[in-house]
Amino acid sequence: MHTTTTIIIRPKTIGNDVSGQLVHVDADPFREQLKRAVAGFLAGYSGQTMTAYRVDLNKFIGWLDSTGVAVFDAERAHIELYARWSETQGLAPATIGRRLSTICGFYTYCPDERLLDRNPAAHVRRPKQNYESSTLGLDRNELGGFLVQAGLCGGRDHALACLLALNGLRISEALGADIDDLDHNRGHRTLFVHRKGGKTATIPLAPRTARALELYIGERTSGPIFMNHDLSRRLDRHAATRIVKRLAKAAGIDKRISPHSLRHSFITAALDAGVPLRDVQEAASHADPRTTMRYDRGRGSLDRHATYIVATFVAGASR
């Protein structure tokens, strides 16, 4: 059981007055070791990735505590039981897969730091993933209507909508951008973006996006691009989500739209426009082309199936 001990520390005496301070000292060395292990694992990440991994580990550790199993005593069976329990809670396979990935990463870290002799998660089975994207995106007309509404609002709304819908940025990438990241390169207006996983990229901005950003930034010369209303701090993802939902409602779109929906819409619009898969993959910063292909399958790419091309090709052969 986790216990704490209360110790009174009296650092000094002034006259007859004894100054004291109550300090709670953790009397469970295993819990302290776990805290250091988690902190060391998370130190290799930053931003939203670190936040997500912390949440995943906290949920797993909480579940282990409820079953009376110490983190460093867990076996493969415990991790897979956690996955089965997560299924009973109605979590999607993708969510369970991500949590297992975090747990496996943590247990891979532990032997490297001599916290464990072996990795209990080495052979944990992952749930089968659905390779069709379930995110609701906007079709060409809806995306156009959304951007028209954003243009009517102008300012921050228009600039944010353009970056998300016309560049397909993740919301963390858009909100993390600073004015200093804007530049000119060989005739292009560019933005230096901090990507997921510590990657970086310089992306071109369409004239509409560049103009929207310039109008919104105005006379500011440094700091975050996207700020809250009184310019006291960087715009957060919750406020950005509210902006996107408000614009979608004003445009008459009744789908449940989020910032990621605009990224989804950018990818499907690029594929519909005939942009090669490899170029879409690079624009979306997908490490695996199969991730990009999920969006293609999700929009029903049967119209472009190779069978039609082959049939036409063979029919035109000389007899």
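Conventions used here
- Residues numbered from 1 in each chain as written.
- Predicted model: local features only at pLDDT ≥ 70, side-chain atom pairs only at ≥ 80, totals over all residues.
- Heavy atoms only, no water.
- Helix = DSSP H or I, 4+ residues; strand = E, 2+ residues; numbered from the N terminus.
- Buried < 20%, exposed > 50% of the residue type's maximum accessible area, 1.4 Å probe, protein only.
- Contact = heavy atoms within 4.5 Å.
- Areas by Shrake-Rupley, 256 points an atom, 1.4 Å probe, with all protein chains shown as cover.
- Salt bridge = Lys/Arg side-chain N within 4 Å of Asp/Glu carboxyl O.
- Pairing = 2+ DSSP bridges.
- Axes fitted to C-alpha atoms, helices over the stretch in contact; angles between N-to-C directions.
- Arc of directions from axis to C-beta.
- Core = buried A, V, L, I, M, F, W, Y, C linked by side-chain atoms within 4.5 Å.
- pLDDT = per-residue confidence, 0-100.
- Parallel < 35°, antiparallel > 145°, perpendicular 65-115°, else oblique.
- Nonpolar A, V, L, I, M, F, W, Y, C, P; charged D, E, K, R; others polar.

A few words on the overall build of the protein. Secondary structure assignment for the protein yields 13 helices and 5 strands. Within the protein, the proportion of its 319 residues that are buried is 36%. By sequence separation, contacts in the protein at least 24 residues apart represent 56% of the contacts at least 6 residues apart. Summed over its atoms, the accessible surface of the protein is roughly 19,300 Å², and 53% of this surface lies on carbon and sulfur atoms.

The next point concerns the pattern of salt bridges. Under the defined criterion, the tally for this structure stands at 16 salt bridges. For Arg118, the salt bridge is made with Glu75, and the minimal N-O distance between the two is 2.4 Å. With Arg118 in the loop between helix H4 (93-112) and helix H5 (140-153) and Glu75 in the loop between helix H2 (47-67) and helix H3 (76-88), this pair connects stretches of sequence that are 43 residues apart. The exposure class assigned to Arg118 is partly exposed, which follows from its relative accessible area of 47%. Judged by its relative accessible area of 35%, Glu75 is partly exposed. One salt bridge connects Glu80 with Arg125, and the closest N-O pair in it is separated by 2.6 Å.

What follows covers the sheet that holds strand E5 (residues 200-204). One open sheet holds the 3 strands; their spatial order is E3-E4-E5, and the pairing between them is antiparallel. At either end of the open sheet lies a strand with only one pairing partner, and these are strand E3 (182-185) and E5. The average undirected angle you get between the axes of adjacent strands in this sheet is 35 degrees. In this sheet, E5 lies alongside strand E4 (residues 188-194) in antiparallel orientation, the contact comprising 5 bridges. Bridge assignment links Val193 to a residue of E5, and that residue is Ala201.

Here we take up helix H8 (residues 207-217). Turning to H8, its buried residues number three or more, namely Thr209, Ala210, Ala212, Leu213, Tyr216 and Ile217. Buried residues in H8, looked at end-on, bunch into an arc of 165 degrees, giving them a common side. Summarising the geometry of H8, the exposed residues directed more than 90 degrees from the buried face are Pro207 and Leu215. Trailing H8 by a residue or two, Gly218 shows a phi angle of about 60 degrees, which is positive.

When you line up the elements, Arg189 lands in strand E4. Not counting residues within four places of it along the chain, the set of residues in contact with Arg189 comprises Leu182, Asp183, His184, Ile203, Pro204, Leu205, Ala210 and Glu214.

Quick look at the nonpolar core now. Counting 41 residues, the largest nonpolar core has Phe146, Leu160, Leu191, Ile225 and Phe226 as its most contacted members. Contributing elements (two or more residues each) for this core: H5, helix H6 (155-167), helix H7 (171-175), E4, H8 and helix H9 (237-250). At 7 residues, the largest contribution of residues to this core is made by H6. Excluding residues that lie within four positions of it along the chain, Phe226 makes contacts with Arg156, Ala159, Leu160, Leu163, Ala174, Leu175, Leu213, Tyr216, Arg234 and Leu235.

Looking now at unusual backbone geometry. In this structure, Arg186 is a non-glycine residue whose phi angle is positive, near 50 degrees. Along the chain, Arg186 turns up in the loop between E3 and E4. Residue class for Arg186 comes out exposed when judged on its relative accessible area of 79%. Despite not being glycine, Leu231 shows a phi value in the positive range, around 60 degrees. Here Leu231 lies in the loop between H8 and H9.

Further remarks concern the confidence of the model for the protein. For the protein, per-residue confidence averages 82 on the pLDDT scale, and residues scoring 70 or more make up 79% of the total. In this model, residues 1-26 is a region of pLDDT below 50 whose contacts with residues beyond four sequence positions or in other chains number 36 contacts.

A word on the environment of Leu163. Note on placement: Leu163 falls in helix H6. In this structure, the C-alpha to C-alpha distance between Leu163 and Ala212, residues 49 residues apart in sequence, is 9.4 Å. In this structure Leu163 touches Gly168, Leu169, Ala174, Leu191, Leu205, Thr209, Leu213 and Phe226, once residues within four positions along its chain are discounted.

With that settled, the discussion passes to the packing of H2 against H4. For the pair H2 and H4, the least separation of the axes is 9 Å and the interaxial angle reads 85 degrees. In terms of orientation, H2 lies roughly perpendicular with respect to H4. Across the interface between the two elements, Tyr53, Asp56, Leu57, Lys59, Phe60 and Leu64 of H2 pack against Arg98, Arg99, Thr102, Ile103, Phe106 and Tyr107 of H4. Along the lines of polarity and charge, the residues of the contact of H2 with H4 split into 7 nonpolar, 1 polar and 4 charged.

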